[in-house]
Amino acid sequence: AISCLAFQTASAYVYFFTNDGARQHWETDGQRIPYVINQGGCEDIADFANLEYAINQSFSVWQNVPLADVSFSYQGPTSLSQKANDNTNLLIFDSQPIPYNNDFFKVSEQVGPTVVGITINTFQVNSGRILDSDIIFNDLEYTFTVTQETDLSKKRIKLQDVATHEIGHLIGLD
């Protein structure tokens with residue numbers, strides 16, 4: 001018996017595209033993509049250093065993908081809380097007041113209570129160039145942990161898991 005196998009290159013990711021058909025992407029000119037974490041942290045994680053570590057590990061996961069041409073630079077904690085096109089890539093938890101349209105943004109209200117986190121990319125429509133990206137974690141509906149595994153039946157989320165997922169969106173993946 002003769003068997004023939006054919007292989008084709010497969011991708012395990014899908015890009016975000018603009019309505020004009022441009023792929024969302026960063027133009028870093030070799031610079032690291034900076035990010036900050038709101039200093040209010042998460043009420044579920046008492047030690048901010050543990051929260052920082054988990055999020056920094058999530059960025060390292062993407063930075064260490066062999067064919068990924070992406071690198072990041074943690075700029076430290078910040079008091080910033082506005083999700084905006086302000087050239088600051090902010091990570092923040094829903095329990096912190098996030099000004100939005102003369103009110104406060106809440107993931108569960110604006111997007112839905114089953115959404116664990118959301119990444120909001122601001123980009124140029126014609127080129128797809130990402131200008132700013134903010135990640136908001138829904139700690140009003142979910143409990144975040146850095147020590148336990150995710151258990152959706154208990155609405156418990158391991159921060160590093162969801163942060164790694166959301167950072168994929170930050171770099172332009174769907």
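The model shown is predicted, which means the values in this text are computed figures rather than measured ones. (Residues numbered from 1 in each chain as written. Predicted model: local features only at pLDDT ≥ 70, side-chain atom pairs only at ≥ 80, totals over all residues. Heavy atoms only, no water.)

### Details of the overall build of the protein
Okay, so step 1: In terms of regular secondary structure, the protein is built from three helices and nine strands.
Okay, so step 2: Reading the secondary structure of the protein in the N-to-C direction produces β-α-β-β-β-β-α-β-β-β-β-α.
Okay, so step 3: Counting all 174 residues of the protein, 43% fall into the buried class.
Okay, so step 4: Of all intrachain contacts in the protein linking residues separated by at least 6 positions in sequence, the fraction that spans at least 24 positions is 64%. (Helix = DSSP H or I, 4+ residues; strand = E, 2+ residues; numbered from the N terminus. Buried < 20%, exposed > 50% of the residue type's maximum accessible area, 1.4 Å probe, protein only. Contact = heavy atoms within 4.5 Å.)

### A closer look at the packing of aromatic side chains
Okay, so step 1: All chains considered together, the criterion is met by six aromatic pairs.
Okay, so step 2: Seen from their ring centres, Phe93 and Phe144 are 5.6 Å apart, and the 80° between their planes marks the pair as edge-to-face. Of this pair, Phe93 sits in strand E3 (residues 90-93) while Phe144 sits in strand E8 (residues 143-145), placing them 51 residues apart in sequence. An identical accessibility class is assigned to Phe93 and Phe144; each is buried.
Okay, so step 3: An aromatic cluster is defined as three or more aromatic residues linked by ring pairs; in this entry it consists of Tyr35, Phe59, Phe72 and Tyr74.
Okay, so step 4: Arg23 extends its terminal NZ or CZ atom over the ring of Tyr15, reaching a point 4.4 Å from the ring centre.
Okay, so step 5: Of note, Lys155 hangs over the ring of Tyr142, and the distance from its end group to the ring centre comes to 5.2 Å. (Phe/Tyr/Trp six-rings, centres within 6.5 Å; stacked < 30°, edge-to-face > 60°. Lys NZ or Arg CZ within 6 Å of the ring centre and 35° of its normal.)

### So, the confidence of the model for the protein
Okay, so step 1: When pLDDT is averaged along the protein, the result is 86; 86% of the residues meet or exceed 70.
Okay, so step 2: Within the model, pLDDT remains below 50 along residues 2-11, and this stretch shows zero contacts once partners closer than five positions in the same chain are excluded. (pLDDT = per-residue confidence, 0-100.)

### Some thoughts on the sheet that holds strand E2 (residues 72-78)
What links the strands of a sheet is backbone hydrogen bonding, and the strands pair in either a parallel or an antiparallel sense.
Okay, so step 1: Pairing is mixed across the open sheet formed by five strands, whose spatial order is E2-E1-E3-E7-E6. In this open sheet, the two strands that pair with only one neighbour each are E2 and strand E6 (117-123). Here the average twist between neighbouring strands, direction ignored, is 20°.
Okay, so step 2: Pairing analysis gives seven bridges linking E6 to strand E7 (residues 130-137), with the strands arranged antiparallel. Residue pairing for E7: Gly117 is matched across the bridge by Phe137. (Pairing = 2+ DSSP bridges. Axes fitted to C-alpha atoms, helices over the stretch in contact; angles between N-to-C directions.)

### Topic: the layout of surface pockets
Okay, so step 1: Here the largest pocket defines a volume of roughly 580 Å³.
Okay, so step 2: In terms of lining residues, the largest pocket is bounded by 19 residues, among which Leu67, Ala68, Asp69, Val70 and Ile171 are the most central.
Okay, so step 3: If you go around the second largest pocket, you meet 13 residues; those closest to its centre are Trp26, Glu27, Arg129, Ile130 and Leu131.
Okay, so step 4: If you list the elements that add at least two residues to the lining of the second largest pocket, you get strand E1 (33-38) and E7.
Okay, so step 5: A per-class count over the lining of the second largest pocket returns five nonpolar, four polar and four charged. (1 Å grid on protein atoms, 1.4 Å probe; cavity = no way out; pocket = protein on both sides within 12 Å on 5 of 7 lines; lining within 4 Å. Points joined across faces, edges and corners; volume = space filled by probe spheres on them. Nonpolar A, V, L, I, M, F, W, Y, C, P; charged D, E, K, R; others polar.)

### Things to note about helix H1 (residues 48-63)
An α-helical turn contains 3.6 residues, so a residue and the one three or four places further along point in the same direction.
Okay, so step 1: With 16 residues, H1 extends 22 Å between its outermost C-alpha atoms, agreeing within 8% with the 22 Å of an ideal straight helix rising 1.5 Å per residue.
Okay, so step 2: Every buried residue belonging to H1 is among Leu51, Glu52, Ala54, Ile55, Ser58, Phe59 and Trp62, and all of these are buried. Each buried residue of H1 lies within a common arc of 165° when the element is viewed along its axis, so the set occupies one face.
Okay, so step 3: Of the surrounding secondary structure, the elements contacted by the buried residues of H1 are E1, E2, E3, E7 and helix H3 (159-170). (Expected span 1.5 Å × (residues − 1). Arc of directions from axis to C-beta.)

### So, the nonpolar core
Most often, soluble globular proteins have nonpolar side chains that are buried together.
Okay, so step 1: Counting 29 residues, the largest nonpolar core has Leu51, Ile55, Phe72, Leu91, Phe137, Phe144 and Leu159 as the members making the most contacts within it.
Okay, so step 2: Going through the elements one at a time, E1, H1, E3, E7 and H3 are the ones with two or more residues in this core.
Okay, so step 3: Apart from the residues within four sequence positions on either side, Leu51 is in contact with Ile37, Gly41, Cys42, Ile45, Phe93 and Leu159.
Okay, so step 4: In this structure, Leu90, Ile92, Ile118 and Ile136 belong to the second largest nonpolar core, which totals five residues. (Core = buried A, V, L, I, M, F, W, Y, C linked by side-chain atoms within 4.5 Å.)

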